[in-house]
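Tertiary structure, described
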Amino acid sequence: MSPPQLTSPPLPRRNFFQNVMFAGGSDSPYAKAMRGQITLSQLFSEMEEGCRQHASASGIVLPPTFSVARAFEEMAAEGTVNAPLLRAARVLRRNGFKTCVLTNNWVDDSAGRLFTATLMNLLHRHFDLVIESCRLGARKPDPQIYTYALDALRAKPQEVILLDDIGENLKPAREMGMATVLVRDTETVLKELEELSGVQLLTQEEPLPTACDPSDVTHGYVPIRPGVQLHFVEMGHGPVVCLCHGFPESWLSWRYQIPALADAGFRVIALEMKGYGESTAPPDIKEYSQEQICKGIPQTVLVGHDWGGAVVWNMALFYPERVRAVASLNTPYRPADPAVDIVEKIKTYPTFDYQLYFQEPGVAEAELEKDIGRTLKVLIRSTRREVGSAVPFLAGGLLVGFPEPPPASKILAGPELQYYIQRFEKSGFSGPLNWYRNMRPNWRWALSAKDRKITMPALMVTAGKDVVLHPSMSKGMEEWIRGHHLIRGGRPAVLNRILVEWLGGLPPDTPLPKIARL
C-alpha cells in the first residue's frame with residue numbers, strides 16, 4: 001500500500017487580485033473607487049471581503065498575513081514618475097502646447113495618503129491641467145472624461161495628442177478624432193510625440209526645469225518688528241529651506257528651484273528681501289546693514305545668491321543656532337580684513353566700481369528708475385555681466401554704452417520680466433541700493449567675528465561666467481568653513497540636482513528639548 005500524498009491548498013494566482021478588483025464591470029470595487037463613489041479604505045474593505053469569498057469558492061487558502069492594504073502599499077512603493085516624459089511635457093509647454101493629465105485615481109483616506117498628495121501636487125506643478133476621475137465622477141475609458149478635458153482645454157479633438165499605457169483608454173479618444181500614442185517604451189513614445197507635435201524632444205540638451213508662477217505659490221508676510229515685514233512665497237512640505245535673492249532680483253529669481261526642491265520633499269520659503277517688492281522698504285539706510293537684515297531670518301537651511309549669499313554666511317557666523325546648514329551661489333565667504341578700510345579695498349577692484357557709483361543716494365536711483373524695463377534687461381543677463389566693469393562711470397552711469405533698446409535678456413523675458421518691472425515700480429531702487437550703502441557698518445560688524453569659523457554643513461556653488469564674483473574668489477574658503485563643499489554650477493537643472501543631492505545628504509534635525517511651561 002502506497003503512503004498517503006500530502007497536498008496543500010493552492011495559493012492565490014497572479015491574476016487573483018485583478019479578478020476580484022474588476023469583478024462586476026462598471027460596478028466593480030475598482031470602478032466605484034475611480035469614480036469617487038467609495039474611498040480607498042472602503043475599496044480595501046470590499047476587496048478583503050471579495051478576496052475571501054473568491055478564495056473560498058476557488059479552494060484557495062489565503063496566507064495568514066494577507067492584506068489588500070499592504071499589497072497596494074507595495075505597488076505604490078514600486079511606482080516612479082517617468083522623468084523623460086515629464087521633461088518632454090515641459091518642452092511642449094514652452095513651445096506653446098497646453099499639457100493635461102487624465103488620471104484614474106481614488107479619494108485616498110488610507111495610511112499612505114501622503115504619497116498620493118505628493119504625487120498630485122507634483123503633477124499640478126508641472127502640467128497646465130490635472131483631471132482626477134474621482135473628482136469628476138467619470139474614469140477612462142468613459143467618453144465623458146475626454147469630453148470634459150476638451151472643454152476645459154478649449155481644444156478640438158483634432159488638436160489633441162493623447163498618450164496612455166492602456167490601449168482600451170485610447171480607443172474612445174481615437175474615435176473622437178484625437179491622435180493617440182500607446183506608451184510602451186519611453187524612447188519610442190518620444191519619437192512618435194516628436195513626429196506628431198513637430199517639437200524636438202530627443203535632444204542631449206537638458207530643458208529648463210519647470211518654473212513656478214506667482215499665482216501658483218502661497219504668499220505670506222512675516223513681521224520683523226512693528227512696521228517692518230518681509231513678503232515671502234512658499235511651496236511644498238517637509239524640512240524648511242529658505243531662499244534669499246540678490247540684486248536686482250526678486251523671489252521669482254528662484255522660480256526654477258522652488259518646484260524642484262518642493263518635489264524633492266522640502267518646504268521651500270523664498271523671501272522677498274527687505275526693500276524689494278511687497279516687503280517693507282524703510283527709508284533709513286542703516287536699516288539695510290547686514291546686522292539689521294539678519295535679525296529677520298528664521299531657523300532653517302539657508303540658500304543665498306549674490307547679496308543673499310552674504311546674508312546666509314553672516315547668519316551662519318552670528319546666529320549659528322538658527323542655521324541648520326548654509327549654501328551660497330556665487331558669493332564666497334571671506335572674513336573681514338582689519339588692516340584695510342573696506343571702501344579703500346573696494347577701490348582696488350575695478351569690477352566693483354559700480355558699488356562706489358551706488359553710494360550717493362538719489363544718483364543711481366535716477367538712472368535705474370528712468371526706464372525700469374531697460375534697466376532690468378541690461379542688468380539681468382545670462383552672462384551675469386554687471387556692466388560697470390565694461391564702461392567707466394565717468395562716462396555717465398551704469399547703463400551707458402548699451403544699445404537702445406537693449407537686446408532681450410535670455411534669462412528674464414516675457415511674463416517674468418513684466419513681473420520684475422511691477423515689483424520695482426512698486427518698491428523703486430532706493431531700498432535695494434541701500435544694501436550697498438552700508439559698506440563700513442557691515443565691515444565693522446564682520447570684524448567682531450573675524451576669528452570665528454562656520455561649523456555647520458556648508459555648500460559653495462560657483463558660476464564660471466560670473467565676471468564680478470569669479471570662482472577664483474572662493475579659493476581658500478576651507479580655512480574658515482568646516483564641512484565645506486565647492487561645486488561648479490551651471491544651468492538651472494544642474495543647480496537643482498546639486499541642491500537636492502546636498503540637501504538630501506544633510507544630517508537629520510536633532511530632537512528639540514522639552515521645555516517645561518513656566
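Cut-offs and rules
Residues numbered from 1 in each chain as written. Predicted model: local features only at pLDDT ≥ 70, side-chain atom pairs only at ≥ 80, totals over all residues. Heavy atoms only, no water. Helix = DSSP H or I, 4+ residues; strand = E, 2+ residues; numbered from the N terminus. Buried < 20%, exposed > 50% of the residue type's maximum accessible area, 1.4 Å probe, protein only. Contact = heavy atoms within 4.5 Å. Areas by Shrake-Rupley, 256 points an atom, 1.4 Å probe, with all protein chains shown as cover. Pairing = 2+ DSSP bridges. Salt bridge = Lys/Arg side-chain N within 4 Å of Asp/Glu carboxyl O. Phe/Tyr/Trp six-rings, centres within 6.5 Å; stacked < 30°, edge-to-face > 60°. Lys NZ or Arg CZ within 6 Å of the ring centre and 35° of its normal. Expected span 1.5 Å × (residues − 1). Axes fitted to C-alpha atoms, helices over the stretch in contact; angles between N-to-C directions. Parallel < 35°, antiparallel > 145°, perpendicular 65-115°, else oblique. Left-handed = near helix turned anticlockwise from the far one by under 90°. Nonpolar A, V, L, I, M, F, W, Y, C, P; charged D, E, K, R; others polar. Core = buried A, V, L, I, M, F, W, Y, C linked by side-chain atoms within 4.5 Å. pLDDT = per-residue confidence, 0-100. Arc of directions from axis to C-beta. Polar contact = N/O pair within 3.5 Å; in protein donor to acceptor, adjacent residues only side chain to side chain.

1. Some remarks on the overall build of the protein
Looking only at helices and strands, the protein features 21 helices and 12 strands. Burial status across the protein gives 48% buried among its 518 residues. Excluding contacts between residues fewer than 6 apart, the proportion of contacts in the protein whose partners are at least 24 apart in sequence is 72%. Of the roughly 26,700 Å² that the protein leaves accessible, carbon and sulfur atoms contribute 54%.

2. A closer look at unusual backbone geometry
Cis geometry is adopted by the peptide bond preceding proline 141, which originates at lysine 140 and carries an omega value of 10°. Along the chain, proline 141 falls in the loop between α7 (133-136) and α8 (143-153). Cis geometry marks the peptide bond from phenylalanine 247 to proline 248, where omega comes out at -10°. Checked against the element boundaries, proline 248 lands in the loop between β7 (240-244) and α11 (257-263). One non-glycine residue, aspartate 306, lies in positive phi territory at about 60°. On the secondary structure map, aspartate 306 appears in the loop between β9 (300-305) and α13 (307-318). Judged by relative accessible area, which is 8%, aspartate 306 ranks as buried.

3. Considerations on the pairing of strand β1 (residues 100-103)
Regular strands place side chains that alternate from one sheet face to the opposite one. Examined bridge by bridge, β1 and strand β2 (residues 129-132) share four bridges and lie parallel to one another. Bridge pairing links threonine 103 to glutamate 132 in β2.

4. Some thoughts on the pattern of salt bridges
Evaluation of the coordinates by the stated rule reveals 16 salt bridges. One salt bridge connects aspartate 128 with arginine 93, and the closest N-O pair in it is separated by 2.9 Å. Taken as a pair, aspartate 128 in the loop between α6 (113-126) and β2 and arginine 93 in helix α5 (residues 83-94) lie far apart in primary sequence, 35 residues in all. Its relative accessible area of 41% is what places aspartate 128 among the partly exposed residues. Between glutamate 287 and lysine 274 there is a salt bridge; the shortest N-O distance is 3.1 Å. With glutamate 287 in the loop between β8 (267-272) and α12 (290-293) and lysine 274 in the loop between β8 and α12, this pair connects stretches of sequence that are 13 residues apart. On the basis of relative accessibility, which here comes to 12%, the residue glutamate 287 falls in the buried class.

5. Details of the packing of aromatic side chains
Taken as a whole and assessed by the stated rule, the structure comprises 18 aromatic pairs. Where phenylalanine 247 meets phenylalanine 429, the ring centres are 6.4 Å apart and the plane angle is 70°; that geometry is what we call edge-to-face. One end of the pair, phenylalanine 247, is in the loop between β7 and α11; the other, phenylalanine 429, is in the loop between α18 (414-427) and α19 (430-434), and 182 residues separate them in sequence. Accessibility assignment for this pair places phenylalanine 247 and phenylalanine 429 in one class, buried. Between phenylalanine 424 and phenylalanine 429 the ring centres are 4.6 Å apart and the planes differ by 20°, which places this aromatic pair in the stacked class. Phenylalanine 424 sits in the buried class, given a relative accessible area of 2%. Three or more aromatic residues joined by ring pairs make a cluster, and in this case those are Phe247, Tyr276, Trp307, Tyr354, Tyr357, Phe358, Phe424, Phe429, Trp435 and Tyr436. Just above the ring of tyrosine 319 sits the side chain of arginine 322; from NZ or CZ to the centre is 4.1 Å.

6. A look at α18
For an α-helix, 3.6 residues make a turn, and residues three or four places apart therefore share a direction. The end-to-end C-alpha separation of α18 is 20 Å, in line with the 20 Å expected for 14 residues at 1.5 Å each. Residues of α18 that are buried: Leu417, Tyr419, Tyr420, Ile421, Arg423, Phe424 and Ser427. Close packing links the buried residues of α18 with β5 (218-225), β6 (228-235), β8, α17 (372-379) and α19. Positive phi shows up at glycine 428, right after α18, with a value of about 70°.

7. Let's talk about the pairing of β6
With seven of its eight residues buried, β6 lies for the most part within the structure. With seven bridges connecting them, β5 and β6 associate as antiparallel partners. Each residue of the ladder has a partner; that of glycine 220, found in β6, is phenylalanine 232. From the end of β5 to the start of β6, which pair antiparallel, there are two residues, and glycine 227 there has a positive phi angle of about 90°.

8. Structural notes on the packing of α5 against helix α10 (residues 186-197)
Relative to each other, α5 and α10 sit at 15°, their axes nearing to 10 Å. In terms of orientation, α5 and α10 fall into the roughly parallel class. As for how α5 packs across α10, the hand of that crossing is right-handed. Touching Pro84, Leu85, Ala88 and Leu92 of α5 are Thr186, Val189, Leu190, Leu193 and Ser197, all from α10. Considered class by class, the residues forming the contact of α5 with α10 number seven nonpolar, two polar and no charged.

9. What about the nonpolar core?
The biggest cluster of nonpolar side chains holds 91 residues, and the ones touching the most others in it are Phe247 and Ile258. Setting aside chain neighbours within four positions, we find isoleucine 258 in contact with Cys212, Val233, Met235, Leu243, Trp251, Val268 and Ala270. Core analysis: the second largest hydrophobic core is formed by 20 residues, Ile38, Cys51, Phe66 and Phe72 among them.

10. What to know about the confidence of the model for the protein
Mean pLDDT over the protein works out to 86, with 88% of the residues at or above the 70 mark. Put simply, strand β12 (residues 484-489) is where the protein has its lowest mean pLDDT, 54, and α19 is where it has its highest, 97. Segment residues 1-12: pLDDT under 50, and 11 contacts once partners within four positions in sequence are set aside and those in other chains are kept. For residues 383-394, every residue scores under 50 in pLDDT, and the model assigns this stretch 31 contacts once sequence neighbours within four places are set aside.

11. Here's the deal with the packing of α8 against helix α9 (residues 167-176)
Across the interface, α8 lies against α9 with an axial gap of 10 Å and an inter-helix angle of 55°. Our classification of the angle between α8 and α9 gives oblique. Crossing hand, α8 versus α9: right-handed. For the pair α8 and α9, the contacting residues are Tyr146, Thr147 and Leu150 in the first and Asn169, Pro172, Ala173 and Met176 in the second. In the contact of α8 with α9, the residues fall into five nonpolar, two polar and no charged.

12. A closer look at helix α4 (residues 68-78)
The set of residues buried in α4 consists of Val68, Ala71 and Phe72. What you see down the axis of α4 is that its buried residues fit within an arc of 100°, all on one side. Structurally, α4 contributes buried residues whose contacts are with α1 (16-21) and α3 (40-58). Taking the backbone nitrogen of alanine 69 as reference, a side-chain oxygen 3.4 Å away marks serine 67 as the first, capping residue of α4.

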